[in-house]
Structure formats: C-alpha cells, structure tokens
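# Structural overview
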Amino acid sequence: MRSTVAPILSFAECRRGFWRLLPLSLFVAAFGAAFGLAAVQTGLQPFDIVFMSATVFAGTAQFAALDLWGAQVPLLPLLVTTLAINARMLLMGATLYPWLALVPSGRRYASLVTLSDANWAMALNDLQSGRNTLGALVGGGIALWLTWLAGTLAGMLFGGFIADPRAFGVDMVLGCFMLSMALAGRRNARSVAAWVAGGAAAWAAWVWLPANTHVVAGGLAGGLVGALWLERDQ
Amino acid sequence: MISTAGYGPALIIACMALVTLLARFGGVFIMGLIPLNRRVEGFINGMAGSVLIAVLVPIALQADAGGRLALLATGALMLWLKQPMPAIALGIAVAALYRAL
C-alpha cells in the first residue's frame, strides 16, 4: 500500500511539478492582479504590497487584510483573521504527514513553505496514486508563488489586466481544479462517505458558523468518518 | 492598533507572514507529536478528500448558473476520461460560453 520509501525531492521532479502547475498558475496571476490593484486603491505603499504577496502568499488572507487596513490597523484581529482563513493549511499539511515524515526535517519543512490549495491537491493526488514525489508540492508551489507575485506587480502597474475575468470563466478555475483532483483519486464507499460528511459539514458551517470555518469543519467531519470506518486489512 | 506610518506596515505584514508560515508548518508538526496508528491514518485519509470537497462547497454555492455548469462539465469529463487538464479546460470554456450567450 503506502510506500515506506521517502518521496523524491529532486531538481528534475520539481521542474516537472513546476511545468505541470504553470498553466493553472497563469490564472492565479489574474487574482494576483486583482489583489495588486485593490491594494493600491486601499493605499498600501508599493514595497508593502510586494512584501505582502511575497511573504504571506495567501490570497484570501491578503484580501481580508485590505478590509482591515487604514491609518491604524488592529493587529490582533488581523492576525486572528489570518489564522482562521489559513487554518485549512494546518489540515492540508497534516494530510501530507505520512510521506513528509520519511523526509529529513529540514527538507520536510522547506517543502511546505509554498503550501497552498492547488499544489497541495496535486501533490496529494500524486502520493496517493503511488507517484512517490514531492515535485508538485515544491515545483508547483514555486510556479504559483512566481505567478502570484508577477500578477500582483502587473495589477499595481496596469490595473486588472483582464477587464472582466468572469466573462472568461477565470473565477471557476480553482473550483474546476479542486473538483478534478477530488475525482482523480481512487474512490470507495469509505472515501465517498467522508466526502458526503465533509461536504455537509462545510455547507452547514458556511451557512451557520463564522466566516472561513467551513474548510476546517468539513475536513474534521471527513476525518472522523475515516477514523471510525477503518479499511479492512488486506 | 498599529499605525500604518513608518515601519508599521512592514511589521504588520511580517506578523501576517509568520502566522501563515506557522499554519503551513503546524499540521505536519502536530502530526509528528501523535503516534501514527491505523485510526490516525484513517483520520488523515478521510480528511484529505473532504478538505477538497469543503473548499469546493462555497464555490459551488456562490456560483451562478454558468459556474455550476462549469463544475458539472468538469465532473462529467473527469469521470469519463480521468484527465484533469481537459476536464478543467472544458469547465472554463462552458462557463465562458454560457455567460457569453
């Protein structure tokens, strides 16, 4: 079943991961441009905008920061919001643990620096289907980071470079990508039950709980199904 | 409250970056403290798929008819061909086409 050999983290694998995620990353640039433009309009200085995209590298949290930005910024509410939005990364990192545990700790944490939705989904899909590589996580992460930064700069300099991203379906890229990753893996009754529980919990959280709790609620609900319904020994 | 004059913004952004990095590292760090047994592995596996679905839920709920058709098209082609890139391309094309009509 699961490999006990450490996943590959070579330059060639990272290069492959980079090119595999680059087409999707180009759409990420459109969101980066939207952020760059919004940040300029909010009144952030150019250095601060680039500094934020380069070091925070988390779109939703960055947009949320703009909402709280003014002559004075409430630091603690901003950091609590940032943590709440990015709490999904805690779950995503945890799902990679069985493989990352086999990698020396320096490389283990270094490969998580650019962890985000798309490169996590692709890397997990690779690992679960027996492609024992971290190329999509690291190389794909670098592709996403570079295009996020390039998009931010383009938005600051030229405004949103696509007049109406929705007309081209750009707003659905992440949704279609996540759906394709969900359907790419192997399915069984157990995994479908986890999806249903996770989807229902996320839906309920999105309607009734505070904003940005839906991913954690869905992930934990699916995790409980997985913990209670164990796979039979082979 | 921190003033956004002088080094204020850089300090605020550095704090945000640190919190985000802790979220990126935290999941793996916490799992390192928990002994990995079958039940924990089951939890991780159940969580993996449902996080994907949980990210999708609000996207599908907020989407217009074109966006929902895009997801439907991606899902259908994915079940048929099992190839992500054509499935995503079709989904986006469907959304763009529906909105253009």
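Residues numbered from 1 in each chain as written. Chains lettered and ligands numbered in written order. Predicted model: local features only at pLDDT ≥ 70, side-chain atom pairs only at ≥ 80, totals over all residues. Heavy atoms only, no water.

## Regarding the overall build of chain B
This is how the line gets drawn: We count a stretch as a helix when DSSP gives it H or I for four or more residues in a row; a strand needs E for two or more, and each element gets its number in order from the N terminus. C-alpha atoms define the radius of gyration in this analysis, and the globule rule sets the expected value at 2.2 Å times the number of residues to the power 0.38.
In terms of regular secondary structure, chain B is built from four helices and one strand. Each helix and strand of chain B, placed in order from N terminus to C terminus, yields the pattern β-α-α-α-α. For chain B, the C-alpha radius of gyration of 21 Å lies well beyond 13 Å, the compact-globule estimate for 101 residues. Expressed as lengths along the three principal axes of its C-alpha atoms, the size of chain B is roughly 50 × 50 × 20 Å.

## With respect to helix H3 (residues 65–81) of chain B
Think of an α-helix as 3.6 residues a turn; residues three or four steps apart then line up on the same face. To be explicit about the condition: For a helix, the expected span equals 1.5 Å multiplied by the number of residues minus one. Throughout, a contact is declared for two residues whenever any of their heavy atoms are within 4.5 Å.
Across its 17 residues, H3 of chain B extends 24 Å between first and last C-alpha, which sits within 8% of the 24 Å expected from 1.5 Å per residue. Residues of H3 of chain B that are buried in the fold lie against helix H8 (173–184) of chain A together with helix H2 (38–62) and helix H4 (84–100) of chain B. Where H3 of chain B terminates, the next one or two residues include Lys82 of chain B, which has phi positive at roughly 65°.

## Let's talk about the interface of chain B and chain A
To keep it simple, the criterion reads: Simply put, the buried area is the total loss of 1.4 Å probe accessible area from both parts when two parts are fitted together. Salt-bridge detection follows one rule: a side-chain nitrogen of Lys or Arg within 4 Å of a carboxyl oxygen of Asp or Glu. A 3.5 Å cut-off defines polar contacts: any pair of N or O atoms within that distance qualifies, except that in protein one atom must be a possible hydrogen donor and the other a possible acceptor, and neighbouring residues in sequence count only when both atoms are side-chain atoms. For this scheme, ten residues count as nonpolar: Ala, Val, Leu, Ile, Met, Phe, Trp, Tyr, Cys and Pro. Four count as charged, namely Asp, Glu, Lys and Arg, and the remainder, Gly too, count as polar.
Contacts between the two partners involve 67 residues from chain B and, on the opposite side, 90 residues from chain A. Buried surface at the junction of chain B and chain A, summed over both partners, amounts to about 6,800 Å²; 75% is from carbon and sulfur atoms. For the pair chain B and chain A, the interface holds one salt bridge. Measuring nitrogen to oxygen at the nearest pair gives 2.8 Å for the salt bridge that ties Asp171 of chain A to Arg99 of chain B. Here chain B and chain A share twelve residue pairs in polar contact (both at pLDDT 80 or more) between them. Looking at the side of chain B that touches chain A, the elements with two or more residues in it are strand E1 (2–3), helix H1 (8–33), H2, H3 and H4 of chain B. The dominant element in the side of chain B that touches chain A, judged by the number of residues it contributes, is H2 of chain B, at 23 residues. Its residues assigned to classes, the side of chain B that touches chain A shows 44 nonpolar, 16 polar and seven charged.

## Points about the domain arrangement of chain B
Formally: Where each domain starts and ends follows an automatic or database-derived domain assignment.
Here the domain parsing of chain B yields domain 1 (1–34) and domain 2 (38–100). The C-alpha-based centres of domain 1 of chain B and domain 2 of chain B are spaced at 30 Å.

## Structural notes on the domain arrangement of chain A
Residues and elements named next belong to chain A. Domain annotation for chain A reports domain 1 (11–186) and domain 2 (187–234). Here the C-alpha centre of domain 2 lies 23 Å away from the C-alpha centre of domain 1. Counting residues at the interface gives nine residues for domain 1, matched by ten residues for domain 2. At the boundary of domain 1 with domain 2, total buried surface from both sides reaches about 740 Å², with 65% on carbon and sulfur atoms. Of all residues in domain 1, Arg88, Leu91 and Arg186 bury the most surface against domain 2, accounting for 51% of the area lost on that side. Summed over the shared surface of domain 1 and domain 2, the number is zero salt bridges. The interface formed by domain 1 and domain 2 includes one residue pair in polar contact (both at pLDDT 80 or more). Within the residue set of the side of domain 1 that touches domain 2, elements represented by two or more residues are helix H4 (75–100) and H8. The greatest single-element share of the side of domain 1 that touches domain 2, amounting to five residues, is contributed by H4. Residue classes in the side of domain 1 that touches domain 2 are distributed as six nonpolar, one polar and two charged.

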